[in-house]
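Observations on chain architecture
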Amino acid sequence: MPTEKAQKAITYPKVGLKDILRSFWRGIKPQKWGLFFIIVFMVLANIVVVTIPIFYKQFFDIISVNGDKNAIASQLLMIIIKIAVLNGFVWLFFRLATLYNSAYQTATIARLKQQSYDYLIEHSYSFFSNNFTGSLVQRVNRFARAFETLSDRLIWDVLPLFVRIILTVIIVSAINKWIAIVIIVWITVFLLFNIVFSRWKLKYDILVAAIDSKTTGYLADTIANQNTIQLFNGQKFESRGYGAVTDEQAKMTKFSWNLDATIEAGQAFLGFAIQFLLFYFAIKYWQQGLITIGVFVLLQVYIIGLIHELWGFTRVVRNAYQSYADAKEMVEILLLPHEINDIPEAKELIVKTGLPAQAGEIKFENLTFNFNETRKVLENINLTIKPGEKVALVGPSGAGKTTFVRLLLRLYSPTSGKILIDGQDIAKVSQESLRKSISMVPQDPILFHRTLAENIAYGKRDAIKKEIEQADRLAHCNEFISNLPFGFETYVGERGIKLSGGERQRVAIARAILKNAPVLVLDEATSSLDSHSEMLIQDALNNLMQDKTVIVVAHRLSTIQKMDRIIVIDNGKIIETLGIASRRIFKRSRRRRRIRL
Ligand SMILES: Nc1ncnc2c1ncn2[C@@H]1O[C@H](COP(=O)(O)OP(=O)(O)OP(=O)(O)O)[C@@H](O)[C@H]1O
Ligand SMILES: [Mg+2]
């Protein structure tokens, strides 16, 4: 049995670190100077931080010498004033860096989200049928979060660490080169230990992330199926299922945490080792009169500072790997070319409105369409629909009717053949102009979780109130809207779940009426409606179809009766075309019984 992953039709491009950095850079670029200043302030702040212990050294060297107390006290006072001034600079540089950072990071995150969204939403209908909504939402958010984490770690951890290491080594080597060498060796061992261990642990981090997605997936799937669970008394069954995945997650997480504890134990050991080694060398050199008490203090302050900085380095490495994985998932989408593109300098589709008898001819020429190269759906369709003609498309479920009308809107690209509207190939005109010329009422309309008024006005976003009200009346929406407590201002729930199927379809019809495009495509809902609702929708459709070229995927006899021609599709082919005269025969025919109209 092929796994779910193997069934996914999308092949993503390979993404490397360079691609991720390039994507981040596009977000950073407008504020590159902001980032530059943050780096400058952080470098300055850390330079000052490392110079301060030199004054402590002087302080202890002076204090350890026997002499005139008054003279010494005034010298010590001078030193602490210098230290205070330097601390003042550290404070200032950090504040400036923080200030610039909050402006640069928040705006960059917003830009990265916007760029991801703008590219994502232009992907094709097939792309969205092959990806879970939840996982796409997660990818956009994780991409922004990955940038935030990486940027934070680099600015606040990695950069200070390197400035401090370099300066500490330079200062210590000026005092004693052997002590400097001990520090260099120790830092190298510490960093290597961390990087090697984190790399080795990466496979377990990936497992932890995968099991986390599994738990989230289980949760999302069962919440979406809550109704089914209730109907089949599946609460206990699902609770056990969820328990099994959370148990698995707990086991894996515990293992990962134990590994973290091991690395901390190793780090602590390295920390003790360096302190011991340095004291050992320092005592020896002090004994020989090579170093002073002040150097002792200096070394101690540096080592404590370095241990403190290095302690978090495992977290930095782990965060970096995690962010890399998070960012990679979104960059894959950003590098995946859009499936359906306008040709360069695509022309506008021109369908002359106002004279329906002369405009809106649709021609399908040798149209063939397969899903995923292997799944044949439509085969060699040839059909001409005259301007203003009203055609019903009928056929058994799964025959390819919805696919056929989606091809007309260029939601898919034909495998071969072409579609012409008033002689213009739809593959050669801009998608925007094509979709402006066609109103589509889908089979199962999905609404935004916005108010009814906003949902209806989507057909013509600059519509005035009067137009919206008129569309509502014609689509018979006002019948149910007037019964709602907040009328037009009622929120319809996620995907429009708070409305019935018939009500949602009427909202979609109202949208189409507002849009008033010369070509109308209607994919009738398969679910049966009561006779009153059917009558209302029928009437709404009559209003909508006037003066337009119409293709209706019909599931109801009442719709078919209004049509000029009936096209029967079966198995991806047109098997019959019936004109007005044959409509009566069709009603009684065996064909009709076979497609269960
Ligand atoms: N995204 C997809 N990927 C692969 N196959 C698909 C996809 N969408 C639809 N199909 C398949 O294409 C065939 C035609 O589907 P289509 O939705 O066009 O049927 P239909 O004639 O509209 O059916 P109904 O009357 O039930 O609405 C079906 O067999 C379906 O399984
Ligand atoms: Mg369909």
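Residues numbered from 1 in each chain as written. Chains lettered and ligands numbered in written order. Predicted model: local features only at pLDDT ≥ 70, side-chain atom pairs only at ≥ 80, totals over all residues. Heavy atoms only, no water.

Attention now moves to empty space enclosed by the protein. For the coordinates displayed, the defined rule picks out two cavities of 30 Å³ or more. Lining of the largest cavity is provided by Gln275, Leu278, Phe279, Ala282, Phe296, Leu299, Gln300 and Ile303. When contributions to the lining of the largest cavity are tallied by element, the ones reaching two or more residues are helix H9 (235–287) and helix H10 (293–311). Across the lining of the largest cavity, the residue classes tally to six nonpolar, two polar and no charged. By volume, the second largest cavity is sized at about 40 Å³. Taken together, Phe197, Ser198, Lys201, Asp205, Asp260, Ile263, Thr314 and Arg318 make up the lining of the second largest cavity. Those elements that provide at least two residues to the lining of the second largest cavity are helix H7 (177–224), H9 and helix H11 (313–335). For the lining of the second largest cavity, the leading source of residues is H7, giving four residues. In terms of residue class, the lining of the second largest cavity is built from two nonpolar, two polar and four charged. (1 Å grid on protein atoms, 1.4 Å probe; cavity = no way out; pocket = protein on both sides within 12 Å on 5 of 7 lines; lining within 4 Å. Points joined across faces, edges and corners; volume = space filled by probe spheres on them. Helix = DSSP H or I, 4+ residues; strand = E, 2+ residues; numbered from the N terminus. Nonpolar A, V, L, I, M, F, W, Y, C, P; charged D, E, K, R; others polar.)

Turning our attention to the sheet that holds strand E2 (residues 375–385). Read across the open sheet, the four strands follow the order E2-E1-E4-E5; overall the sheet is antiparallel. Here the strands that pair on one side only, and so sit at the sheet edges, are E2 and strand E5 (424–425). Across the sheet, helix H12 (residues 401–408) lies against strand E1 (362–371), E2 and strand E4 (416–421), angled at about 120 degrees from E1, the strand it touches most. (Pairing = 2+ DSSP bridges. Contact = heavy atoms within 4.5 Å. Axes fitted to C-alpha atoms, helices over the stretch in contact; angles between N-to-C directions.)

Glancing now at the coordination of the magnesium ion (ligand 2). Those protein atoms acting as donors to the magnesium ion (ligand 2) are Thr402 (OG1) and Gln443 (OE1), and they sit at 1.9 to 2.4 Å. Here Thr402 is found in helix H12, whereas its partner Gln443 is found in the loop between strand E6 (438–441) and helix H14 (452–457), with 41 residues between them in sequence. On the basis of relative accessibility, which here comes to 17%, the residue Thr402 falls in the buried class. (Donors = N, O, S within 2.8 Å, 3.2 Å for Na, K, Ca; no water. Buried < 20%, exposed > 50% of the residue type's maximum accessible area, 1.4 Å probe, protein only.)

Let us now look at the packing of helix H4 (residues 69–120) against helix H6 (residues 133–175). For the pair H4 and H6, the least separation of the axes is 10 Å and the interaxial angle reads 155 degrees. In terms of axis orientation, H4 runs roughly antiparallel to H6. Considering the relative orientation of H4 and H6, their crossing is right-handed. Together, Ala97, Thr98, Asn101, Tyr104, Gln105, Thr108, Ile109, Leu112, Lys113, Ser116 and Leu120 of H4 and Leu136, Val140, Asn141, Phe143, Ala144, Phe147, Glu148, Ser151, Asp152, Ile155 and Trp156 of H6 make up the contact between the two elements. Across the contact of H4 with H6, the residue classes break down as 12 nonpolar, seven polar and three charged. (Parallel < 35°, antiparallel > 145°, perpendicular 65-115°, else oblique. Left-handed = near helix turned anticlockwise from the far one by under 90°.)

Surveying the vicinity of ligand 1 reveals the residues Phe371, Arg375, Val377, Ser397, Gly398, Ala399, Gly400, Lys401, Thr402, Thr403, Gln443 and His555. Measuring from an oxygen atom of ligand 1, one finds a side-chain N or O atom of Arg375 at 2.6 Å. Within the contact set of ligand 1, an oxygen atom lies 2.9 Å away from a backbone nitrogen or oxygen of Gly400. Elements supplying a minimum of two residues to the shell around ligand 1: E2 and H12. Examining the composition of the shell around ligand 1, we find that three residues originate from one element, H12, more than from any other. When its residues are assigned to classes, the shell around ligand 1 shows three nonpolar, seven polar and two charged. (Near = heavy atom within 4 Å. Polar contact = N/O pair within 3.5 Å; in protein donor to acceptor, adjacent residues only side chain to side chain.)

Further remarks concern the environment of Phe279. Topologically, Phe279 is positioned in helix H9. Residue class for Phe279 comes out partly exposed when judged on its relative accessible area of 33%. Spatially, the C-alpha atom of Phe279 lies 38 Å from that of Lys254, the residues being 25 residues apart in sequence. Excluding residues within four positions of it along the chain, Phe279 makes contact with Phe296 and Gln300.

With that settled, the discussion passes to the domain arrangement of the chain. When its domains are assigned, the chain resolves into domain 1 (9–335), domain 2 (359–437 + 518–527 + 545–597) and domain 3 (444–516). The distance between the C-alpha centroids of domain 2 and domain 3 comes to 26 Å. Together domain 2 and domain 3 conceal approximately 430 Å² of surface at their shared face, both sides included; 43% is due to carbon and sulfur atoms. Taken together, domain 2 and domain 3 are joined by zero salt bridges. The interface formed by domain 2 and domain 3 holds three residue pairs in polar contact (both at pLDDT 80 or more) in total. Elements with a contribution of two residues or more to the side of domain 2 that touches domain 3: helix H13 (431–436) and strand E7 (519–523). Split into classes, the residues belonging to the side of domain 2 that touches domain 3 amount to three nonpolar, no polar and six charged. (Domains from an automatic or database assignment. Buried area = accessible area lost by both parts, 1.4 Å probe. Salt bridge = Lys/Arg side-chain N within 4 Å of Asp/Glu carboxyl O.)

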